[in-house]
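# Overview (structure and organization)
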Amino acid sequence: MVHRVSSAFLLVPISVLLLLPAASTLDQTSVLRYLNQVIHWYRDVTSVERSAGSPDTLIAQDSVARNSKKIGQLAFDFARAEAKILGKSGQAGKEAAVAGNLTQAAANAAGRVNRLQTQLDDIQRQIDRSPPAKRAQLASQRNTLGAELNLAKEYQATVQNILSFSAGPGGANGVQAGFLGQVNELNYSIPELTTPNPVKANATVPASKQQPFRPESSGIVGLGERLFTAFRSRQQVDSLIKDTNALAQATKQMEAPLRDSLNGLIEQGDQVANAALNAAPTTGGSTAPQDRLNQLAAQFKPLSAAAIPLGEAGITLQADLGNIEQWRNELEQQYDAALSYFVIRTVVLIIWIVIILALAEVWKRATFRLVHETRRRRHILLLRRFVVGAFLTLAVGISAFTTSGFGSLATVAGLITAGLAVALQSIILSVVAYFFLMGRYGITVGDRITVSNVTGEVVDMGLTRIYMLEMAGAGMDLHSTGRIVVVSNAMLFQPSAWFKQAPGTEYTWHAVSTTFDPGVGFEAARDRLLSALNAVYQQYRAAIEKQHATFERTTSLETTPPRPAARVRFNDNGLEIWIRYPVEIANSAETDDQITRRLMEEIEKEPKLKLAPSGAPKISAA
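Residues numbered from 1 in each chain as written. Predicted model: local features only at pLDDT ≥ 70, side-chain atom pairs only at ≥ 80, totals over all residues. Heavy atoms only, no water.

### Digging into the overall build of the protein
- A tally of helices and strands in the protein yields 15 helices and 8 strands.
- Taking all 622 residues of the protein together, the buried fraction comes to 36%.
- Long-range contacts, defined here as pairs at least 24 residues apart, represent 76% of the contacts in the protein between residues at least 6 apart.
- On the protein, roughly 35,800 Å² of surface is accessible, and the fraction owed to carbon and sulfur atoms is 58%. (Helix = DSSP H or I, 4+ residues; strand = E, 2+ residues; numbered from the N terminus. Buried < 20%, exposed > 50% of the residue type's maximum accessible area, 1.4 Å probe, protein only. Contact = heavy atoms within 4.5 Å. Areas by Shrake-Rupley, 256 points an atom, 1.4 Å probe, with all protein chains shown as cover.)

Following this line, the structure appears as structure tokens:
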């Protein structure tokens, strides 16, 4: 029985077996879909931002980058091998037969056109040589052949168009070339898969050369940036893990039919070999088993060329999946560490801000309790603003930036400050001068000062400007013009001098001069006039001495208290008695009037005090 079955098997025509192609259940659509999935996965790998971490994670990231290229190349190797298998399939044979029929039809159409053209030429020659009686019949035949020739040419053009389409990439003859061309076009869309050393588009510096992330030395800004980066990278890696699992599953599905076909060919080879070993020797030594095994080997080779890249890609994907998982764990650790330090530094910054604001409030309350002078209180509160702002800026800067980042910030801030110092030097000088002017011997509201030949009373002092009420007139006759003069504080650093009242004083010196005849006794006249002036001075003496005491206390300088003093001198008109006396600025006009009236009364009481011509009392600034 075995002998008969084996003999029957060996009777299968070898010519028929040699025509069997390599079996494959895959089609063009499934292969192209798999290639697009691989390309999408590869782009996902290259789009994930690579961040520095532990050495193991850096190695894993580099391994994922290398393996992604390898998997892409293996996928295209598989697709090219599958294109060769599909080019030799039974469907391609049928389409090739159809193409052969179209070629034969095109040849037949061309032969028919040539034959009709020859007949038409013969009839035309007969018409030229025939007598007029036969020309009408021949002309009718010529017209019939002409119409038939036109129809044949139209048919020939139609067949030729169909044949041209069949020979194109989408036609019957273009099945293999068209599919392989699509695979190559997809490969050209990823140029780095065709080069030995691809360059990552999203990483100019390899991950192995990046500085590791140290949350303990990072500021709030750096930690916030790391939180955002780690969160975004973690999402990308999660998506990459999902795509990698999907690609691994698709690779197994693509590999399954190829593996089944290879197992089937191996089983067939085992059957042929066992049948050949168990068969009885035949006369002449049949070579059918050897031919069958060679034919199975020819089928096995293209299938294995397509299956091997898929198998390697599946193994590499599993290795990549582990590396991506390690990458993801590292990102999770970085995110947790950055979040912890971010919370700690934020809480510390809030504590510092609360402490600074609390001390600022204590400063404010102490100023209102201990400082009663409005001007000095305002200056102290202004200084408080600067100090509090500086400490808040320092606290935020130290907490927000790392050591290196803060140094870079300080460098940039230094350059900006230098530029601003040059551009705003006048304003800076005014601000600096303000702190000099508000000092112990500085300017206060109500002081009468002279700046750039302008005299006025200070009504306000700003950080950069002084506002004063302009005074006009000559000598003692100073009166307000109603205008406000604005002077820059930077005038303190100008070479021209400026004048102000002595600290704590609000009085000035006036002098009154009276000229008598030369025969008047100068001692009696001096004492009488000085006595009259002292009578007026006693009315405001206490205020002058109080201001003088304030001046000595402020300047720590002991001087003689201000009091009227008389001098006697002779001139061309006679004896001149000159008396110098202090007078309050606010009441200077009234005081001068009282002194003039009192002196005239004393002169009129004593007939011996004879005035010289034009010798009436005259008051001037001393």
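### Side note on a nonpolar patch on the surface
- A contiguous nonpolar surface patch, about 870 Å² in accessible area, is contributed by Leu339, Tyr341, Val343, Ile344, Val347, Val348, Ile351, Trp352, Ile355 and Leu359.
- Here Ile351 lies in helix α9 (residues 288–370).
- When its relative accessible area of 45% is taken as the criterion, Ile351 is described as partly exposed. (Patch = residues over 30% accessible without salt bridge, like charges linked within 9 Å, V, L, I, M, F, W, Y side chains within 5 Å. Salt bridge = Lys/Arg side-chain N within 4 Å of Asp/Glu carboxyl O.)

### Here we look at the environment of Phe228
- Its place among the elements puts Phe228 in helix α8 (residues 220–278).
- Along the chain, Phe228 and Ala338 lie 110 residues apart, while their C-alpha atoms are 9.9 Å from each other.

### Some words on the packing of helix α13 (residues 522–537) against helix α15 (residues 588–605)
- Two numbers describe how α13 lies on α15: the axes approach to 9 Å, and their chain directions differ by 145°. Seen along the crossing, α13 lies across α15 with a hand that is right-handed. Here α13 contributes Arg528, Leu529, Ala532, Leu533, Ala535 and Val536 to the contact with α15, which in turn contributes Thr591, Gln594, Ile595, Arg598, Leu599, Glu602, Ile603 and Lys605.
- In terms of residue class, the contact of α13 with α15 is built from 8 nonpolar, 2 polar and 4 charged. (Axes fitted to C-alpha atoms, helices over the stretch in contact; angles between N-to-C directions. Left-handed = near helix turned anticlockwise from the far one by under 90°. Nonpolar A, V, L, I, M, F, W, Y, C, P; charged D, E, K, R; others polar.)

### Let's talk about the confidence of the model for the protein
- Mean pLDDT over the protein works out to 75, with 81% of the residues at or above the 70 mark.
- The low-confidence segment residues 1–23 (pLDDT under 50) makes 25 contacts with residues lying over four places distant or belonging to another chain.
- In the predicted structure, residues 169–176 sits below a pLDDT of 50 and forms 23 contacts with residues beyond four places in sequence or in another chain. (pLDDT = per-residue confidence, 0-100.)

### Some points on the packing of aromatic side chains
- Scanning the entire structure with this criterion turns up 3 aromatic pairs.
- For the ring pair Tyr34 and Phe78, a centre distance of 6.0 Å and an interplane angle of 85° mean the geometry is edge-to-face. Separated by 44 residues along the polypeptide, Tyr34 in helix α3 (residues 28–47) and Phe78 in helix α4 (residues 55–87) bring together distant segments of the chain.
- Ring geometry for Tyr537 and Tyr540: centres 5.3 Å apart, planes at 85°, overall edge-to-face. Here Tyr537 and Tyr540 have matching classes, each one buried.
- Above the plane of the ring of Tyr335 lies Arg234, whose end atom (NZ or CZ) is 4.5 Å from the centre.
- Sitting over the ring of Trp509, Arg580 keeps its end group 3.6 Å from the ring centre. (Phe/Tyr/Trp six-rings, centres within 6.5 Å; stacked < 30°, edge-to-face > 60°. Lys NZ or Arg CZ within 6 Å of the ring centre and 35° of its normal.)

### Observations concerning the pairing of strand β1 (residues 448–451)
- By the alternation rule, side chains of β1 split into Ile449 and Val451, which are all buried, and Arg448 and Thr450, of which none is buried.
- The pairing of β1 with strand β2 (residues 454–461) spans 4 bridges and is classified as antiparallel. Paired with Ile449 across the bridge in β2 is Gly456.
- Connecting β1 to the antiparallel partner β2 that follows it, the hairpin turn spans 2 residues, and Ser452 within it adopts a positive phi of roughly 55°. (Pairing = 2+ DSSP bridges.)

### A short note on the nonpolar core
- Within the largest apolar cluster, 48 residues are counted, with the highest numbers of intra-cluster contacts made by Tyr34, Trp41, Phe78 and Leu258.
- Broken down by secondary-structure element, the contributors of at least two residues to this core are α3, α4, α7 (175–188), α8 and α9.
- With 24 residues, the next largest nonpolar core counts Leu529, Leu533, Val536 and Ile579 among its residues. (Core = buried A, V, L, I, M, F, W, Y, C linked by side-chain atoms within 4.5 Å.)

### What to know about the sheet that holds strand β5 (residues 507–516)
- An order of β6-β7-β5-β8 is seen for the 4 strands of this open sheet, with the pairing classed as antiparallel. Sheet topology places β6 (565–571) and β8 (618–621) at the edges, where each strand pairs with a single neighbour. Pairs of neighbouring strands in the sheet enclose a mean axial angle of 25°, with direction left out of account.

### A short note on the pattern of salt bridges
- All told, the structure shown has 14 salt bridges when counted by the stated rule.
- Arg328 is paired through a salt bridge with Asp238; the nearest N and O atoms lie 2.7 Å apart. Here the residue Arg328 occupies a position in helix α9, and Asp238 occupies one in helix α8, the gap between them amounting to 90 residues.
- With relative accessibility at 31%, the residue Asp238 sits in the partly exposed group.

### A closer look at α3
- With 20 residues, α3 should reach 28 Å at 1.5 Å per residue; the first-to-last C-alpha distance of 29 Å fits that figure.
- Looking only at α3, the buried set comprises Ser30, Val31, Leu32, Tyr34, Leu35, Val38, Ile39, Trp41, Tyr42, Asp44, Val45 and Thr46. (Expected span 1.5 Å × (residues − 1).)

### A few points about α15
- Here α15 is 18 residues long and its end C-alpha atoms lie 26 Å apart, about the 26 Å a rise of 1.5 Å per residue gives.
- Within α15 the residues assigned to the buried category are Ser588, Thr591, Asp592, Ile595, Leu599, Glu602 and Ile603. Looking down the long axis of α15, one finds its buried residues gathered within 100° of arc, a one-sided arrangement. The outward face of α15, more than 90 degrees from its buried face, is lined by the exposed residues Arg597, Glu604 and Lys605. (Arc of directions from axis to C-beta.)

### Some words on the side chain of Glu584
- As for its placement among the helices and strands, Glu584 is situated in strand β7 (residues 574–584).
- Buried within the structure, Glu584 lacks any salt-bridge partner; Lys546 is the closest side chain of opposite charge, at an N-O distance of 9.7 Å. (Lys, Arg positive; Asp, Glu negative; His and termini not counted.)

### As for the environment of Val38
- Among the secondary structure elements, Val38 is positioned in helix α3.
- Given a relative accessible area of 2%, Val38 falls into the buried group.
- When sequence neighbours within four positions are dropped, the list of residues in contact with Val38 reads Gly72, Ala75 and Leu247.

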